[in-house]
Amino acid sequence: MTRRSGPIGRTLAVVSAAVAAVAVLTAGAALPAGDPPVDPITPVVNGIVNVGINGPDGAPASSVLVLLGITVLSVAPAVLLMMTSFTKIFIVLAMTRNAIGLTSIPPTQVLAGLALFLSIFIMWPVITDVNTLAVQPYLAGNIDFTAAMHAALGPLREFMLAHTRQEDLGLMTRAANLANPASPSDVPIQTLIPAFMISELRAGFIIGFVIFVPFLVIDLVVSAGLMALGMMMLPPVMISLPFKILLFILVDGWGLIITALVGSYGSG
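Our subject in this report is the structure included herewith. (Residues numbered from 1 in each chain as written. Predicted model: local features only at pLDDT ≥ 70, side-chain atom pairs only at ≥ 80, totals over all residues. Heavy atoms only, no water.)

Considerations on helix 3 (residues 86-100)
Over its 15 residues, helix 3 runs 22 Å from end to end, which matches the ideal 21 Å to within 8%, given 1.5 Å per residue. The element helix 3 is largely enclosed, with a buried count of 13 among its 15 residues. At the exit of helix 3 stands Gly101, carrying a positive phi of roughly 105°. (Helix = DSSP H or I, 4+ residues; strand = E, 2+ residues; numbered from the N terminus. Expected span 1.5 Å × (residues − 1). Buried < 20%, exposed > 50% of the residue type's maximum accessible area, 1.4 Å probe, protein only.)

Focus: unusual backbone geometry
The backbone of Asp252 sits at a positive phi, close to 55°, despite the residue not being glycine. Secondary-structure assignment places Asp252 in the loop between helix 8 (236-250) and helix 9 (253-264). You can call Asp252 partly exposed: its relative accessible area is 48%.

As for the pattern of salt bridges
What the rule picks out here adds up to 1 salt bridge. With a shortest N-O distance of 3.3 Å, Asp168 and Arg165 are connected by a salt bridge. With relative accessibility at 4%, the residue Asp168 sits in the buried group. (Salt bridge = Lys/Arg side-chain N within 4 Å of Asp/Glu carboxyl O.)

Description of helix 7 (residues 189-228)
Over its 40 residues, helix 7 extends 58 Å from the first C-alpha to the last, a length consistent with the 58 Å expected when each residue adds 1.5 Å. Its maximal kink placed at Val213, helix 7 deviates by approximately 30°, while the proline Pro214 follows within four residues. (Bend = angle between axes of the 7 residues up to and from the residue.)

As for the packing of aromatic side chains
Summed over the entire model, instances satisfying the criterion amount to 5 aromatic pairs. Relative to Phe90, the ring of Phe86 lies with its centre 5.9 Å away and its plane at 10°, an arrangement referred to as stacked. Of this pair, Phe86 and Phe90 both sit in helix 3, 4 residues apart, roughly one helical turn. Residue Phe86 is classed as buried on the basis of its relative accessible area of 10%. A relative accessible area of 25% places Phe90 in the partly exposed class. A ring pair is formed by Phe215 and Phe248, whose centres lie 6.1 Å apart and whose planes are at 45°; its orientation type is tilted. Residue Phe215 is located in helix 7, and its partner Phe248 is located in helix 8; the two are separated by 33 residues in the primary sequence. (Phe/Tyr/Trp six-rings, centres within 6.5 Å; stacked < 30°, edge-to-face > 60°.)

Here's what the structure looks like:
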């Protein structure tokens, strides 16, 4: 009898647990149908689910901040290329590398990194204004998302207007069949951004052309000297490249280029 008590006891325990579970489910089903429990995050009022995006103190919820952060990261490359000084700086650095005759030194990643941090340096006053006028008030719950976007566009608009030619603004305005704006503040953002890009491309190519000239002179002198010596089969690049690198080092080329780039935005 003792050896059979173990299996019988376990069987009775399983049966008791099953009966208890059925009793709980039956009791839950027998409860009167009343108002559903109210979720503090997504409250249900009269059958309508209200999804709130702000916390209890009026500040944006953490989930909304995560969503906005992911959105900013997804559009950051476009903003970096179209609304900052990155484009012109990268064009000038790449054209300088080509003018020297080095196709892969410095690597493109190095040039992009240098252009990125120079852009942050140049745009730092704008970034500070955006953080003060838009980001911090929105995080504190003082303004909504729409007001934060308008406040953030203000410093960026001032920066782009200060470095955009009127000819390029007129070009994009005529292309969009719009009337001439009465003041710079009336320029639409969809017109200002491409006009700013065109101005940056033009300025970058002008600086690149000026950088190309002394290296072109060295190439011409070396080519003429090789032809005078009858050394037709020797590539001129092999002779001119060391002289161009030496000239670039002697005049502190990187320092001059970076100083000119920073000074072109009034940050020098």
